[in-house]
Amino acid sequence: MDEIIVSIPTKVTLFGEHAVVYGKPAIATTIPVFIEISGVLIREPVLTINMRNPIHMYIESISIDRTTNKLNVSTDRKHVEQLIRYMVTALEICEDDLKTDKRYGYVININSDLPPGIGLGTSAAISVGTITLCELLNNGMTIDSIEKSKERIAYLAWKTEQRVQGMASPMDTFTITFGGLRYIDPTTLQAKPIDINKEINILVGATERKYTTAELVRRVRMLKEKNPLLIDSIMSGIGYVVSEAYKALIDGDWDYLGMLMNINHGFLEALGIVDEKHSNIIHILRKMGALGAKTSGAGGGGAFIALARSYEDLNTIELVAKALGAHVVAKKIHRDGVTA
Ligand code: MEV
């Protein structure tokens, strides 16, 4: 069978991370930064994963015996090991769903330019990409029929994240599958597109990330178990910010949107998941003209976003972010989701 190539955009959360795990809505978008996964089916029960990252200079090759599915990973990179876990789990979930013969194996190549463990929904991108690849290789799904299968791809990728992380909202997997700017309601599994009719100048940056999403989600859960009333009221506050941000996006009210970003960041600091150095960058970007700036995603460093009034202001913010040691990952949002 021919090799299948799947291209998966990464994503940023504009509003509502962590609270979305507890049923509150969130707003997220894909960005034009991609991971590519390609693969073939083989007759031996072996899964071989080759990870290639030319910019960050590593190549990692791992083989797993599928009869035992034992994860024999000899890598000392926590984030690489974590990505393999998502991939193995996604294949299991897809094959159980399709009732395929697990004696077959795969050779899968992952190409990415991103620093490992940067955030940006990379675990969801790997889950969505692996489910899409598995469906294309095993289910006779054609590239043209991907659009019609997106509900199912998003759902199975979400189940993958839940199994690996223990807790996960559908935000990352649904945004990456469908693509574009979306309002996610985790209680109904709706990822509604948001149509804006004004250019939005958003800088996506990142700093080193020290914890996995699973660890950070667990940290918030422990805080909530200790003081449910207090943490529930923070989650409700974030939920309200999301509903206001939705209106500000529709109205093109970027001053208000920026203010809401700052408030959302404050709530995330209150949850104790924001890295101090990362937060300092966010505060400096605001002083240097950003209308608003916040951490984006699970926290512990990782991704941040900053909103600018104009493209010129965005360029200034980019220079400042780089001078402060952050990676600049994207300066615009993307319209599409997973493609093959
Ligand atoms: C991670 O990108 C976002 C979190 O809200 C977790 C989730 O939604 O599953 C922290």
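Residues numbered from 1 in each chain as written. Predicted model: local features only at pLDDT ≥ 70, side-chain atom pairs only at ≥ 80, totals over all residues. Heavy atoms only, no water.

1. Focus on empty space enclosed by the protein
This structure, assessed with the given rule, holds 2 cavities of 30 Å³ or more. Taken together, 35 residues form the lining of the largest cavity, with Ser 123, Asp 172, Arg 209, Thr 213 and Ala 298 sitting closest to its centre. For the lining of the largest cavity, a count of residues per class yields 12 nonpolar, 18 polar and 5 charged. Shared between two domains, the lining of the largest cavity takes at least three residues from each, and those domains are domain 1 (4-193) and domain 2 (201-330). (1 Å grid on protein atoms, 1.4 Å probe; cavity = no way out; pocket = protein on both sides within 12 Å on 5 of 7 lines; lining within 4 Å. Points joined across faces, edges and corners; volume = space filled by probe spheres on them. Nonpolar A, V, L, I, M, F, W, Y, C, P; charged D, E, K, R; others polar. Domains from an automatic or database assignment.)

2. Some thoughts on the nonpolar core
One broad rule of soluble globular proteins: the nonpolar side chains tend to lie buried together. In terms of nonpolar packing, the biggest core is built from 84 residues, with Phe 15 and Ile 27 touching the most fellow members. Looking at which element gives the most residues to this core, the answer is helix H1 (residues 78-98), with 11 residues. Lining this core are residues from two domains, each supplying at least three of them: domain 1 (4-193) and domain 2 (201-330). If we skip the residues at most four places from it in the chain, Ile 27 touches Thr 13, Leu 14, Phe 15, Leu 181, Arg 182, Tyr 183, Ile 194, Val 242, Ala 245, Tyr 246 and Leu 249. Counting 14 residues, the second largest nonpolar core, distinct from the first, contains Ala 290, Phe 304, Ala 306 and Ala 308. (Core = buried A, V, L, I, M, F, W, Y, C linked by side-chain atoms within 4.5 Å. Buried < 20%, exposed > 50% of the residue type's maximum accessible area, 1.4 Å probe, protein only. Helix = DSSP H or I, 4+ residues; strand = E, 2+ residues; numbered from the N terminus. Contact = heavy atoms within 4.5 Å.)

3. Some details on the packing of aromatic side chains
Each pair of aromatic rings is reported with the distance of its centres and the angle of its planes. In total, this model carries 3 aromatic pairs according to the counting rule given. Ring centres of Tyr 155 and Trp 158 lie 5.9 Å apart, and the angle between their planes is 70 degrees; on these two criteria the pair is classed as edge-to-face. Placement of both Tyr 155 and Trp 158 in helix H3 (residues 150-165) is noted, with a separation of 3 residues, approximately one turn of the helix. A relative accessible area of 37% means that Tyr 155 is categorised as partly exposed. Ring centres of Phe 174 and Phe 178 lie 6.2 Å apart, and the angle between their planes is 35 degrees; on these two criteria the pair is classed as tilted. Here Phe 178 and Phe 174 lie together in helix H4 (residues 171-178), a separation of 4 residues that amounts to about one turn. Accessibility expressed as a relative area gives 2% for Phe 174, which makes it buried. Above the face of the Trp 158 ring, Lys 159 is positioned so that its terminal group lies 4.4 Å from the ring centre. (Phe/Tyr/Trp six-rings, centres within 6.5 Å; stacked < 30°, edge-to-face > 60°. Lys NZ or Arg CZ within 6 Å of the ring centre and 35° of its normal.)

4. Side note on the domain arrangement of the protein
As far as domains go, the protein holds domain 1 (4-193) and domain 2 (201-330). Taken residue by residue, the interface counts 31 residues in domain 1 and 42 residues in domain 2. Between domain 1 and domain 2 the total buried area reaches about 2,900 Å² when both faces are included, carbon and sulfur atoms providing 73% of it. Ranking the residues of domain 1 by area buried against domain 2 places Phe 15, His 18 and Tyr 22 at the top, with a combined share of 25%. Put simply, domain 1 and domain 2 have 1 salt bridge between them. For the salt bridge of Glu 17 with Lys 294, the shortest nitrogen-to-oxygen distance reads 2.8 Å. Mapped onto the side of domain 1 that touches domain 2, the elements with two or more residues apiece are strand E1 (4-15), strand E2 (26-42) and H1. Broken down by element, the residue count for the side of domain 1 that touches domain 2 peaks at 5 residues, all from E2. (Buried area = accessible area lost by both parts, 1.4 Å probe. Salt bridge = Lys/Arg side-chain N within 4 Å of Asp/Glu carboxyl O.)

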